[in-house]
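So you can see what is in the structure, the chains are spelled out below.
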Amino acid sequence: MWVRSLFWVVRNVGGDRVECIIFVKFCSNTSSSGRSLLIYAANDTPCKLLMSKTVDRVVWVNAHPHTLATRLALQNDWTVVTGSRLAARAIAARSPQTLRQLAVAHLGRPWPNCRVASGLEALRCLRAVLGETLRPKDRFGTAKVWLPAVRDLLQSGPQLPLLRTDEVRSLRIRQLLAVAHAFQQTLHDQQLIDESELYWRTLDLPPTPKPLLIYGYFQPRRDELAWLDAIAGPGSALILPQPDHPCFADVRQSVDWLQHQGWTVQCDSAAPQTCGDQLSLQFLTAAASPPAAVQAHHYDHREAEIRGVLTQVKTLLNQQVPARSIVLIARDETAYGPQLLDVAWEYQIPVRALYQIPLLSTRLGTWLKMLIEVLVAGFPFEQTAQLLSHPLCSNPDREFWAIVRQEHPQGFAAWQAIATAHLDLDLQPLGRVNQARRRDTWVDWWKDCLHRFNLYQRANRWPRDILAVNALRQHLAALANNAEAEILTWADFRQELLDLLESLTVPAQPGRGGVELHGPQAVLGARYRYGFVLGMAEGLFPAPIQPDPVVDFFDRRTLEDYGVQLPSAAALARQEALYFYGMVQTVTERVSFSYAIRQDKDEQLPSPYLQQLNLKTTEPPPKAIASPEEERRHRLQSAAVDTNDPVLGLARHAWAVELRRESEAAADEYDGAIALPFDRPDWHFSVTQLTQLGQCPFKWFAHKLLNLSPPQEPEDDLSASLCGRLHHKTLELLITHHQTHPDQDLTDPALIDRTYTEAEQALTLPALPAWEHQRPEQLATLALVLKNSSFLPAKAEPIALEQRFTGEWHGLQVSGQVDRIDRTPNGLVLIDYKTGTKPPKGIKNQQGQAAIDLQIPLYREVIATLYPGETVIDAYYYSLKDCNPIGSEKSRLKQLTPKMQAELQAAIERCKTHLTTGNYPVQPDVKGEACNYCDYQSLCRQGDRLRRKAQGEHHATH
């Protein structure tokens, strides 16, 4: 016998309060299936029996379940069963359990040596069944799509209907039933059951009933009801929300079924006590106005919504409100979670996002997926570099990356050599994946890879990845379960690896304490003082009802004819309403709803649930500053100087620079106007430098004065520059050979091939993809050039090849190199090879067009000084592609006209002015020719701001 005393307050008719002590005794009653409840009153007189009643199993239909559950949970003679940890915490339950835990504990009796299949095992089994029944082309993808529908079918009843083929007209339903039967039987043959049929299978041997208090299962499924009815003994109590509303039609059916099983239904119509209780009543009855403690705000965008809500949370925390008394709720936690966690870190608010994310979304999962992609692709440069630079990998230093950029390794052998030499990392096992192995051998190989990269230890820096590593360790063995000797190809095994990474889950932000982020279903039965509901927009809350891709709502109605009850569209909509009803009941003091008016480029409307609550959203109150970063943004434009914040001073300076850069103000030092004259008389300008300076002064400034350049990397394809260098070198070697062996035919294919090989060796040609197919084409191009009479005209004698020169030109020291100089009876001819068909772009003229060629004039004037007594009669560009000089003989200009000479002189003077004044503004030519192959576009930030600068200069001059 168990006795407990407590204070019981009674009011008589006259309103006087009488306080007495009662004793409650539960005694066995052998004459009935229940127990006797004996209640005694005790004052100063001997105890007096007040009530004696047989206790049955009771379904409490209660508008406010939490109050009743808390009171009943004080009775320690029964097992408390809650739907979640939060619900158990709300009613202060001791040693709570879930229906699933009770079912798993009982499973061993009707099914000895049987266990619940893991998600990976179920997926693998369904994949095999689909391969034998439907034989789809994509077994992996089809299994993922079909698994939810198969589980819904197994969950719907204790036995699947056995129907003849001619009884079912729908092909899809016939296929679904056949696959579900085969899937169930295959698991049973392996001593496994699927998660969806757990409750039905435990009922194969009735359990020993015991008194239970069931709370938090506000809309139990059919299988949960059946198990609950079997395990709940006399004296049990099940608490459900009130069913006298259309939203609770499914709850009403559950109550009727339980009543038919012998449960007693008790109604509790207590008045609402908390803000959440009043709001839930408002949701059902659409009363005139919601409680005063309910707020609804709209924000411009999602980040503003998150910042506004977290600012209110931080205010509560600063008022000493415990973090566990505050909850953040979002219908789609995965949409709000990442950004909310980022802002919470900035605000220094401890937030715990306990929704589950697949292992594939963690750092560990991302790296493993990258490794698989690298193995499949055969260690390409870009993907392998990303793999090695991942935080979980070897984290090489700058010297290593400099070597990698120079060598540009492609393929396993190249990466193995560089990793062994510079990282002390042996990649040898990774080079042997394209082979079939036993399943357990593959698992051992995978474990070796994880240890080889020291992945377990590196993941210890992040709590989420620690859990991910532990989950992966525990479940890797499942890949070899019951089929160790099965032979798998690499393709099959890597797909199972990806399936494992997708099926395993970890909390998005694990930890203890803090403000928790949950979905509405997770908080059913919980209790908080303050609640903030985000994403109250149409299409987000309630979530839109989506049909299953395998068994749609029409097929579900068809299945009802065969005794299979699957949730309809209306039932899913009622479920959403129940989630919202239970969610608002969890908050006792204040509820705040919010949504973003715009999401990306789409406009959003408020949720229909807000209209059902008679709530109109308003502008949020002025936002308080909630982080040092926000304070800096607020004080950025103020004149006050804070010496205690060194970051703010630097931020003000950067802010002023950006404002000026984006304004119409003239260019300053951040746009190249450094006002420091270029005083380097020993500096030699090449044609390329002068072209850069004349096309866009900032381009030359960034390259030559700031010494900015992209990392040096070998070319991984036959670019125009590489092709030009190869052709130049080959022609140089061929003509040199011709000068010593004039009788040998230059068009001899063997000679061209041999000379081209010498050029490749001289230039240290990198490994190029498909070069063996491109090389014959390049040899053919050169053969066509050599066969054309215009390449080496009669009576023209090459006297210099790749002739280097230095000199003075228009007051500038210049240097360069002429590809070829021919001596003819009339004088010297200068030739510059081009792989294209058009002359190079020149420097800017007065109109800003890149139209003034300076290369040929420079060559003519400087080379003439190197050959005194001889006359340069011609200079031209020769197209190796067209096998002709660029431009016809008539159109090719032999000498500059006075007008052209004046334009060239003016352009050179503009270049010299930039040097003498130290002014190198971002001023590309009007067509942007200078920007086509520029490495500094992210630095100069060309675009609309240049137009504003030009407008400012125009206003200043006028």
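Structure shown above.
Residues numbered from 1 in each chain as written. Predicted model: local features only at pLDDT ≥ 70, side-chain atom pairs only at ≥ 80, totals over all residues. Heavy atoms only, no water.

Caption draft 1: Seen up close, the overall build of the protein chain. Counting secondary structure elements, the protein chain contains 34 helices and 30 strands. At 41 Å, the protein chain has a C-alpha radius of gyration far larger than the 30 Å of a compact globule built from 958 residues. Projected onto its principal axes, the C-alpha coordinates of the protein chain cover approximately 140 × 75 × 55 Å. The 958 residues of the protein chain split such that 47% are buried. Nonlocal contacts in the protein chain, meaning residues at least 24 apart in sequence, comprise 70% of its contacts between residues at least 6 apart. (Helix = DSSP H or I, 4+ residues; strand = E, 2+ residues; numbered from the N terminus. Rg over C-alpha atoms; globule rule 2.2 N^0.38 Å. Buried < 20%, exposed > 50% of the residue type's maximum accessible area, 1.4 Å probe, protein only. Contact = heavy atoms within 4.5 Å.)

Caption draft 2: Structural view of the pairing of strand S10 (residues 237–241). Across the five residues that make up S10, a large majority, five, are buried. Residue alternation in S10 divides its side chains into two sets, Ala237, Ile239 and Pro241 and Leu238 and Leu240, and both sets are buried. Looking at chain direction, strand S5 (residues 58–62) and S10 are connected through five bridges and run parallel. Bridge pairing links asparagine 62 to proline 241 in S10. Here two bridges tie strand S9 (residues 212–215) to S10, and the two strands are oriented parallel to one another. (Pairing = 2+ DSSP bridges.)

Caption draft 3: Here's a closer look at the packing of helix H5 (residues 139–155) against helix H6 (residues 171–189). The interhelical angle for the contact between H5 and H6, taken along N-to-C directions, is 80°, at an axis separation of 10 Å. With respect to each other, H5 and H6 are oriented roughly perpendicular. On the side of H5, the interface is formed by Trp146, Leu147, Ala149, Val150, Leu153 and Leu154, while H6 contributes Arg172, Gln175, Leu176, Leu177, Val179, Ala180, Phe183 and Gln184. (Axes fitted to C-alpha atoms, helices over the stretch in contact; angles between N-to-C directions. Parallel < 35°, antiparallel > 145°, perpendicular 65-115°, else oblique.)

Caption draft 4: Broad picture of the sheet that holds strand S25 (residues 812–824). If you trace the five strands from one edge of the open sheet to the other, you get S24-S25-S26-S29-S30, paired in mixed fashion. Two strands lie at the open edges of the sheet, namely strand S24 (797–809) and strand S30 (884–885), each paired on one side alone. By the bridge criterion, two bridges tie strand S29 (residues 872–879) to S30 in an arrangement that is antiparallel. Pairing of tyrosine 878 across the sheet is with proline 885, part of S30. In the packing of helix H31 (residues 855–866) onto the sheet, contacts are made with S24, S25, strand S26 (827–834) and S29, and the angle to S24 comes to roughly 95°.

Caption draft 5: Highlighting the pairing of S29. S29 sits mainly inside the fold: seven of its eight residues count as buried. As defined by bridge partners, S26 adjoins S29 across seven bridges and the pair is classed as parallel. Across the sheet, isoleucine 831 pairs through a bridge with tyrosine 876, a residue of S29. Hairpin remark: S29 followed by S30, antiparallel, with four residues in the connecting loop; positive phi at cysteine 883, about 60°.

Caption draft 6: Representation of the environment of glutamine 744 within the structure. Structurally, glutamine 744 can be placed in the loop between helix H28 (720–740) and helix H29 (749–762). Judged by its relative accessible area of 27%, glutamine 744 is partly exposed. Other than its neighbours up to four places away in sequence, glutamine 744 contacts His737, His738, Leu751 and Arg754. Looking at glutamine 744, its side chain comes within polar contact range of the side chain of histidine 737, at 2.6 Å. (Polar contact = N/O pair within 3.5 Å; in protein donor to acceptor, adjacent residues only side chain to side chain.)

Caption draft 7: Main features of the sheet that holds strand S12 (residues 294–299). Read from one edge of the open sheet, six strands run S12-S21-S20-S13-S19-S14, paired in parallel fashion. Each of the sheet's edge strands pairs with one partner strand only, and the pair in question is S12 and strand S14 (351–353). Neighbour-to-neighbour, the strand axes of this sheet turn through a mean angle of 20°, independent of strand direction. Bridge count between strand S13 (residues 326–330) and strand S19 (residues 515–518): three bridges; the pairing is parallel. Counted as the bridge partner of isoleucine 329 is histidine 518 from S19. Most of the contacts of helix H11 (residues 302–318) go to strand S20 (residues 528–534), to which it runs at about 170°, and overall it touches S12, S13, S19, S20 and strand S21 (587–596). Across the face of the sheet, helix H12 (residues 333–347) comes into contact with S13, S14, S19 and S20 while running at roughly 155° to S14.

Caption draft 8: Fine view of the packing of helix H26 (residues 687–695) against helix H27 (residues 697–705). Across the interface, H26 lies against H27 with an axial gap of 5 Å and an inter-helix angle of 130°. Taken together, the axes of H26 and H27 lie oblique to each other. Contacts from Gln689, Gln692, Leu693 and Gln695 of H26 reach H27 at Pro697, Lys699, Trp700, His703 and Lys704. When grouped by side-chain class, the residues that make up the contact of H26 with H27 number three nonpolar, four polar and two charged. (Nonpolar A, V, L, I, M, F, W, Y, C, P; charged D, E, K, R; others polar.)

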